[in-house]
Structures are given as structure tokens and as C-alpha cells.
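Structural features, examined
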Amino acid sequence: KAGVTQTPRYLIKTRGQQVTLSCSPISGHRSVSWYQQTPGQGLQFLFEYFSETQRNKGNFPGRFSGRQFSNSRSEMNVSTLELGDSALYLCASSLDSSVKRETQYFGPGTRLLVL
Amino acid sequence: AQSVTQLDSHVSVSEGTPVLLRCNYSSSYSPSLFWYVQHPNKGLQLLLKYTSAATLVKGINGFEAEFKKSETSFHLTKPSAHMSDAAEYFCVVRGGSGNTGKLIFGQGTTLQVKP
């Protein structure tokens, strides 16, 4: 099976712009979660989707949004980019992340640099 | 609330010597615990997970972890380090009960392996 894919892998934007990141989960997986990784804050949870519904949301401003499509692919959007949004954005997929001890498989990430 | 604390931010060992990466957890109920590894410029790979079937959990690449409820610990070990083990290691707990797969990450331990 193909793993989790994320596009694009690298992105450079300027402050004030918006960006959309994409995640394709492993075939058959219905859960997609997003995480932000920075040197200062480490790995932080952004959102969790299951069957097109947002099931949980982390403590991020409303500039961060996401959605999931009927084929389980997910996108996240960041509007009005700030310098502090520079990070590695990781997507994780699983069959159903609410199942206890379910394994979540991570993609390679999208590295976003905001100038 | 669930949390994990990785007790060492950086561990340095010589090739062929044992590895010990320490993790303490906090959870109000039987936790879901994981260890993930991240190699430079790569996504996260699952090393092992605690399933409650056994307190000693075997993972990939010769890694093991022992769940100790009395000490609230889930330390990661490997008998003999290899150069390819140099990476960032994350102890992870699933956050909250119920309908969420949110993962809470420790701050990470950088493992350096010297020849």
C-alpha cells in the first residue's frame, strides 16, 4: 500500500498570504489528523477529521482551518500568514483514530517558510 | 489530562552500547502510549505501541519499551546502538478518552550515536 502523501513538500510564502496544504491518507483510512512541528513548541495537534467531519480541534487561531473530502483526502488552510507559521506540517492517517491504541501513520510533511 | 515528559533532551551513546530513552506519562486511566522516531527531514515512524497485552513491548529495529504503571514510565531501550539509530525520538500519549485520536507528544530526545 502507498503511504501517506503530502503536497507540496516545500513552500515559501510571504506574510499576509494564504496557503493550502494537501494530505492523501493511506487507502481505506478514514481518519486524518494534522500537526504542526516547530523547534520551539514541538509537535502540536491542529485538527482531526473522520468521514468528512471535524472531530477535534487544537488550540490554534481561526486562521487555521481544514476540511476532509468524501475520498478521505484532507486539506488545511492558513490565511493571513505570519512569520511564526513557519513550520513542518505533518498529516497522519488511520482507519479510525478514535479506536484506542489505533496506529496513526504519518506523511513526510510539508515544510512551510513564511518570509 | 494526559501528558508525557521525556526526561532527556539529548542522549549520546557509542555504537554497540545500550540505549535508554526515558519517558514518564500522566494519565487518569489506562493510557495509549507510543514511541515514534523521526529521521532528519523525514516524517514520523512508529517504533512501538503499548496495547496492554504485555508490559514489555517489542518494536521495530530491536527497540523495546517497558510499561511500568507503578512508576508511570514507558522507557525505550535497545541493547546495542547502531549508527542508523541517530534520530529524534518522541514518546506519545493519546489525549483524552472518547471520540478522539489526538496525540500528545513529548518534547523529543535527540539520540546521537558515536562511532
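Note that the structure is a prediction, hence the values are computed from the model and not measured.

On to the pairing of strand β9 (residues 73-78) of chain B, then. Residue and element names in this part refer to chain B. As defined by bridge partners, strand β3 (residues 19-21) adjoins β9 across three bridges and the pair is classed as antiparallel. Residue pairing in the sheet places Leu-20 in a bridge with Thr-77 of β9. Across five bridges, the pairing between strand β8 (residues 64-68) and β9 is antiparallel. Residue Lys-68 lies in a different strand from β9, and its bridge partner there is Ser-73.

Taken as a whole and assessed by the stated rule, the structure comprises two disulfides over all chains. Cys-23 of chain A shares a disulfide with Cys-91 of chain A; S-S distance 1.7 Å. Here Cys-23 of chain A and Cys-91 of chain A share a disulfide; its torsion about the S-S bond, -45°, makes the bridge left-handed. Of the two residues, Cys-23 of chain A sits in strand β3 (residues 19-24) while Cys-91 of chain A sits in strand β9 (residues 87-94), which places them 68 residues apart along the sequence. Cys-91 of chain A carries the same exposure label as Cys-23 of chain A, and that label is buried. Bridging Cys-23 of chain B to Cys-91 of chain B, the disulfide has an S-S length of 2.0 Å.

Okay, the layout of surface pockets next. The volume enclosed by the largest pocket comes to roughly 380 Å³. Forming the walls of the largest pocket are 19 residues, and the residues nearest its centre are Gln-37, Thr-38, Pro-39 and Arg-111 of chain A together with Gln-38 of chain B. Those elements that provide at least two residues to the lining of the largest pocket are β4 (31-38), β9 and β11 (110-114) of chain A together with β10 (87-94) of chain B. Residue composition of the lining of the largest pocket, by class: eight nonpolar, eight polar and three charged.

Here the focus is empty space enclosed by the protein. Scanning the model with the defined rule gives two cavities of 30 Å³ or more in all. Considering only enclosed or pocket space, the largest cavity measures out at about 70 Å³ in volume. Along its surface, the largest cavity is lined by Arg-9, Tyr-10, Leu-88, Pro-108, Gly-109 and Arg-111 of chain A together with Asn-41 and Lys-42 of chain B. When its volume is computed, the second largest cavity comes out at roughly 40 Å³. Surrounding the second largest cavity, 10 residues form its lining, Tyr-29, Ser-30, Pro-31, Ser-32 and Arg-94 of chain B being those nearest its centre. Classifying every residue of the lining of the second largest cavity gives three nonpolar, five polar and two charged.

In this assembly, 25 residues from chain A lie in contact with 25 residues from chain B. A buried area of about 2,000 Å², summed over both sides, lies between chain A and chain B, and 46% of it is on carbon and sulfur atoms. Summed over the three residues of chain A that lose the most area to chain B, namely Leu-43, Arg-101 and Phe-106 of chain A, the buried surface amounts to 34% of that side. For the pair chain A and chain B, the number of links is zero salt bridges. Elements represented by at least two residues in the side of chain A that touches chain B include exactly β4, β5 (42-50), β6 (53-57) and β9 of chain A. A total of four residues in the side of chain A that touches chain B trace back to one element, the largest contributor, which is β5 of chain A. Considering only residue class, the side of chain A that touches chain B consists of eight nonpolar, 10 polar and seven charged.

Cut-offs used in this document
Residues numbered from 1 in each chain as written. Chains lettered and ligands numbered in written order. Predicted model: local features only at pLDDT ≥ 70, side-chain atom pairs only at ≥ 80, totals over all residues. Heavy atoms only, no water. Pairing = 2+ DSSP bridges. Helix = DSSP H or I, 4+ residues; strand = E, 2+ residues; numbered from the N terminus. Disulfide = S-S within 2.5 Å. Buried < 20%, exposed > 50% of the residue type's maximum accessible area, 1.4 Å probe, protein only. 1 Å grid on protein atoms, 1.4 Å probe; cavity = no way out; pocket = protein on both sides within 12 Å on 5 of 7 lines; lining within 4 Å. Points joined across faces, edges and corners; volume = space filled by probe spheres on them. Nonpolar A, V, L, I, M, F, W, Y, C, P; charged D, E, K, R; others polar. Contact = heavy atoms within 4.5 Å. Buried area = accessible area lost by both parts, 1.4 Å probe. Salt bridge = Lys/Arg side-chain N within 4 Å of Asp/Glu carboxyl O.

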